[in-house]
Amino acid sequence: MNDRPLQVYFSPYSPFVRKVLVCAAELGIAIERLPCAAHPVTRDQAIVALNPLGKVPTLLNSDGEALYDSRVICEYLDATSANPHLFPIQSPARWQSLREQALADGLLEAAVLMRYEQVVRPEELRYQPWYEGQHAKVISSLDQFEAWVPDFGERVDIGTISVACALGYLDLRFPGEGWRSRENLAAWYASFSERPSMSGTRHPQA
C-alpha cells in the first residue's frame, strides 16, 4: 500500500460529502479536500474520469483507487481505521443503524431533487406535483425520525451521523421547512450538532 493521503472530491454544500467528513473526523482520519465543479447537468470531467456518475463525494484511497458513493466511503473509512466503531457488527444494532442511514439518505435524495427543481430546471419546465411528491418523502421521513429519536440516545454511528447531516442540509437549503416542530428530534439534533465533527464541517451559508 502507498502512503499517499486520502483525497476526496467535494462540494462544501453537499450533505453526502459532509457525512463522509463527519465520519472521518469521528475516526481521526485526515482527508485532503479536492475542489471540483460537480453539477447534475454540466459534469466535471475530472470526476467522471474516476467515477462514471460524476458525483461527489468521490474518494481516492491510499492506492489511488476511486471509491463512491458516501455509503461505501464511510464504511471504507471505518473498516480501515485503527478503531472502527461507526458500523455496528452485531445485529440488531447493525440493521438499526443501516436503516437509519438509508432513510436519511432517502430524505436527502428527495431534498436534493427539490433543490435542483428550484435552481437548475428552467422555471417554465418545473412540475409542481413532482416537487410536492419529493417534499412528501421529506415530511414522512422526518416524522419517522421523530418516532425513532428515543432510540438514538448517545449513539454516534453511521445512522445518527446520517440523520444529523440530513437535518443540517434542510437548515441550509430549506430553512422554512419548520422541522423543529418535532421537539424530540430538535432537542437531539441541538445536542448532536455540538460535536466537533459536526461543528467543524458545517455548510457555509449559501
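Placed above this text is the structure.
Here is a short report on the structure shown in this document.

Conventions and cut-offs
Residues numbered from 1 in each chain as written. Predicted model: local features only at pLDDT ≥ 70, side-chain atom pairs only at ≥ 80, totals over all residues. Heavy atoms only, no water. Pairing = 2+ DSSP bridges. Helix = DSSP H or I, 4+ residues; strand = E, 2+ residues; numbered from the N terminus. Right-handed = clockwise from strand over helix to strand, strands pointing away. Patch = residues over 30% accessible without salt bridge, like charges linked within 9 Å, V, L, I, M, F, W, Y side chains within 5 Å. Areas by Shrake-Rupley, 256 points an atom, 1.4 Å probe, with all protein chains shown as cover. Salt bridge = Lys/Arg side-chain N within 4 Å of Asp/Glu carboxyl O. Expected span 1.5 Å × (residues − 1). Buried < 20%, exposed > 50% of the residue type's maximum accessible area, 1.4 Å probe, protein only. Polar contact = N/O pair within 3.5 Å; in protein donor to acceptor, adjacent residues only side chain to side chain. Axes fitted to C-alpha atoms, helices over the stretch in contact; angles between N-to-C directions. Parallel < 35°, antiparallel > 145°, perpendicular 65-115°, else oblique. Contact = heavy atoms within 4.5 Å. Nonpolar A, V, L, I, M, F, W, Y, C, P; charged D, E, K, R; others polar. Core = buried A, V, L, I, M, F, W, Y, C linked by side-chain atoms within 4.5 Å.

**Here's the deal with the sheet that holds strand 1 (residues 6–10)**
Reading across the sheet, the four strands line up as 2-1-3-4 and stay open at both edges, with mixed pairing between neighbours. Edge positions in the sheet fall to strand 2 (31–35) and strand 4 (66–67), since each has one partner strand and no second. Of the pairings in the sheet, the one linking strand 1 to strand 3 (residues 58–60) comprises three bridges and is antiparallel in character. When the sheet's bridge partners are listed, V8 is paired in strand 3 with L59.

**Topic: the pairing of strand 2**
Note: strand 1 against strand 2, five bridges, orientation parallel. Across the sheet, the residue bridging to L6 is I31, located in strand 2. Remark: the strand 1/helix 1 (residues 15–27)/strand 2 crossover connection has right-handed handedness.

**Some thoughts on a nonpolar patch on the surface**
Among the surface-exposed residues, L113, Y116, Y127 and W130 lie close enough to one another that they form a single nonpolar patch of about 380 Å² accessible area. Inspection of the secondary structure assignment puts Y127 in the loop between helix 4 (93–119) and helix 5 (128–148).

**Topic: helix 6 (residues 158–173)**
With 16 residues, helix 6 ought to run about 22 Å at 1.5 Å a step, and its terminal C-alpha atoms sit 22 Å apart, in line with that. Within helix 6, 15 of the 16 residues are buried, which leaves the element mostly enclosed by the surrounding structure. Of the residues flanking the start of helix 6, the one acting as N-cap is D157, its side-chain oxygen 3.0 Å from the backbone nitrogen of G159.

**Structural notes on unusual backbone geometry**
In this structure, D69 follows Y68 across a cis peptide bond, with omega equal to 5°. Its location among the elements puts D69 in the loop between strand 4 and helix 3 (70–79).

**Details of the packing of helix 1 against helix 3**
Remark: helix 1 packs on helix 3, axes separated minimally by 9 Å, with the N-to-C direction vectors making an angle of 5°. Regarding the angle of helix 1 to helix 3, the classification is roughly parallel. For the pair helix 1 and helix 3, the contacting residues are F16, K19, V20, C23, A24 and L27 in the first and S70, R71, I73, C74, L77 and D78 in the second. Residue classes in the contact of helix 1 with helix 3 are distributed as eight nonpolar, one polar and three charged.

**Side note on the pattern of salt bridges**
Once their charged atoms are close, side chains differing in charge can pair, the charge on each being opposite to the other. Tallied over the full model, the rule gives 10 salt bridges. Of the charged contacts, one joins R94 and E75 as a salt bridge, the two residues approaching to 3.4 Å between their closest N and O atoms. Of this pair, R94 sits in helix 4 while E75 sits in helix 3; the two residues are 19 residues apart in sequence, bridging distant segments of the chain. Residue classification places R94 among the buried residues on the basis of a relative accessible area of 19%. Linking R155 and D157 is a salt bridge whose minimum nitrogen-to-oxygen distance equals 2.7 Å. One network of salt bridges, in which partners are shared, links K19, D69, R71 and D105.

**With respect to the nonpolar core**
In this structure, L185 and W188 are the most contacted members of the largest nonpolar core, which totals 58 residues. Take this core: its biggest share by element is 10 residues, from helix 6. When near neighbours in sequence (up to four residues on either side) are disregarded, L185 contacts L142, F145, E146, V149, F152, L167 and W179.

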